[in-house]
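Fold and contact review
If you want the building blocks of each chain, they are given just below.
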Amino acid sequence: MRELTIGKNDAGQRLDRFVAKNLPLLPPALLQKYIRLKRVKVNGKGSKRDARLQAGDILQLYINDEFFDKPKEENLFLSIFQPRLSIVYEDENLLLVDKRPGLVVHADETEKVNTLINHIQAYLYQKREWSPRDEHAFAPALCNRIDRNTGGMVIAAKNAETLRILNEKIRAHELEKSYLCVTVGRPRPAEGKIEGFLLKDEAKKQVAFYRRPVPGGKSAATLYRTLETRGELSLVECRLLTGRTHQIRVSMAEIGCPLLGDGKYGDGAVNRRYQETRQALYAYKLGFAFPTGAGVLNYLRGREFVVESVPFREKYFPKG
């Protein structure tokens, strides 16, 4: 419990607005709930949210200490009142979350609060599975990333041991990641492997594909398989053998079948005709191959998880 004494410069303010200004991390909906539950008292008694404060009033705030901190990037999850997550799988060690297209995984120059990691941390905090005040260094963290405009499965580690193991497994390519995409054009052959070297232009945030090694280029290998073709569009499954920036997008464009909706490597005229502004790409399947020991995660060996609902597949390639 914290106490605050109202000075003459704060007199006349509404109770809820005064508390909101002093506790910017406290979500507005949670503040209103606390006032209703009388966890915010004025002079020892419950009060209405629109009550006007007087000089000398004493506020008693029965609110978790975390909400009294100053906003920083690492505690912005507290300002999320209702985490929005589509959970594919969860156990005591990890979460598999289906990220919607348009959501960033971590804070960037355009978004600080509404990020996937903040929603995950808010979810675990509210479940009381994690409390930042009880941890000295660890916070729930993502093991893989997906571009803002790409949807699909993201792995979140609930503890440090899980994070360490999964980071090692990802570096060793012991996780099998498969994507669905819609391409403009029919890949030929219908199934194959695209190998080359990718060179990223940091200034343009764009990647170029080369068939031969180039200075600064990184090797890339992608397996693809055409599942269905309707008109000029094809539904293709891609499996990453390496994990490079924009790998699938630039690799499919290289063989003449750019992704529908891709503004960097695609066909602008086709994208406009279909009114697609985001690349049709989804990380829909994740397999825990684990050919070597995985410690506390050995129980996941051989398991595979699939996102059943992929919006663009249902739109362009509906079943039946």
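Scope of this entry: the structure provided in the associated data block. As the structure is a computational prediction, the values presented were derived from the model and not from experiment. (Residues numbered from 1 in each chain as written. Predicted model: local features only at pLDDT ≥ 70, side-chain atom pairs only at ≥ 80, totals over all residues. Heavy atoms only, no water.)

**Examining the overall build of the protein chain**
Cut-off, in case you're wondering: Helix numbering and strand numbering both begin at the N terminus, where a helix is a DSSP run of H or I of at least 4 residues and a strand a DSSP run of E of at least 2. Burial classes: relative accessible area under 20% of the type maximum marks a residue as buried, over 50% as exposed, and values in between as partly exposed (1.4 Å probe, protein chains only). Every residue pair with non-hydrogen atoms within 4.5 Å of one another is taken to be in contact. Computed with a 1.4 Å probe, the accessible areas rest on the Shrake-Rupley method; for each residue, only the protein chains presented here act as cover. We score Asp and Glu as negative and Lys and Arg as positive, and we do not count His or the chain ends. Here the site of a charge means atom NZ of a Lys, CZ of an Arg, CG of an Asp or CD of a Glu.
A tally of regular secondary structure across the protein chain gives seven helices and 15 strands. Counting only C-alpha atoms, the protein chain reaches 80 × 50 × 50 Å along its principal axes. Burial status across the protein chain gives 45% buried among its 320 residues. Considering only intrachain contacts with a sequence separation of at least 6, the fraction spanning at least 24 residues in the protein chain is 64%. If you sum the accessible surface of the protein chain, you get close to 16800 Å²; carbon and sulfur atoms cover 47% of it. Averaging the coordinates of the 54 positive side-chain charges in the protein chain and doing the same for the 39 negative ones gives two points 4 Å apart.

**Structural notes on the packing of helix H1 (residues 15-22) against helix H2 (residues 28-36)**
This is how the line gets drawn: Fitting a line to C-alpha atoms yields each axis, with helices limited to the stretch in contact; the angle taken between N-to-C directions then spans 0 to 180 degrees. Working definition: roughly parallel below 35 degrees, roughly antiparallel above 145 degrees, roughly perpendicular at 65 to 115 degrees, and oblique for all remaining angles. Crossing handedness is defined as follows: a turn of the near helix away from the far one that is anticlockwise and smaller than a right angle gives a left-handed crossing, while the clockwise case is right-handed. For this scheme, ten residues count as nonpolar: Ala, Val, Leu, Ile, Met, Phe, Trp, Tyr, Cys and Pro. Four count as charged, namely Asp, Glu, Lys and Arg, and the remainder, Gly too, count as polar.
Two numbers describe how H1 lies on H2: the axes approach to 11 Å, and their chain directions differ by 130°. In terms of their interaxial angle, H1 and H2 are classed as oblique. Between H1 and H2 lies a crossing whose hand is right-handed. Of the residues in H2, those touching H1 at Leu15, Asp16, Val19 and Ala20 are Leu31, Gln32 and Ile35. Its residues assigned to classes, the contact of H1 with H2 shows five nonpolar, one polar and one charged.

**Structural notes on the side chain of Thr226**
Applicable threshold: Polar contact is defined as a pair of N or O atoms within 3.5 Å, subject to the rule that within protein one atom must be able to donate a hydrogen and the other to accept it, and that residues adjacent in sequence are counted only when both atoms are side-chain atoms.
Here Thr226 is to be found in strand E12 (residues 218-230). For Thr226, the side chain forms a polar contact with the main-chain oxygen of Ala190, separated by 2.8 Å. Apart from the residues within four sequence positions on either side, Thr226 is in contact with Pro187, Ala190, Ser234, Leu235 and Val236.

**Observations regarding H2**
Listing the buried residues of H2 in full gives Leu30, Leu31, Gln32, Tyr34 and Ile35. Buried-residue contacts for H2 involve H1 and strand E2 (40-42).

**A closer look at helix H3 (residues 116-126)**
The buried fraction of H3 amounts to ten of the eleven residues, a majority that puts the element mostly inside the structure. Those residues of H3 that sit buried are Leu116, Ile117, Asn118, His119, Ile120, Gln121, Ala122, Tyr123, Leu124 and Tyr125. At its buried positions, H3 is contacted by strand E5 (87-90), strand E6 (94-99), strand E7 (141-142) and strand E8 (151-157). Count one or two residues on from H3 and you reach Arg128, which has phi positive near 65°.

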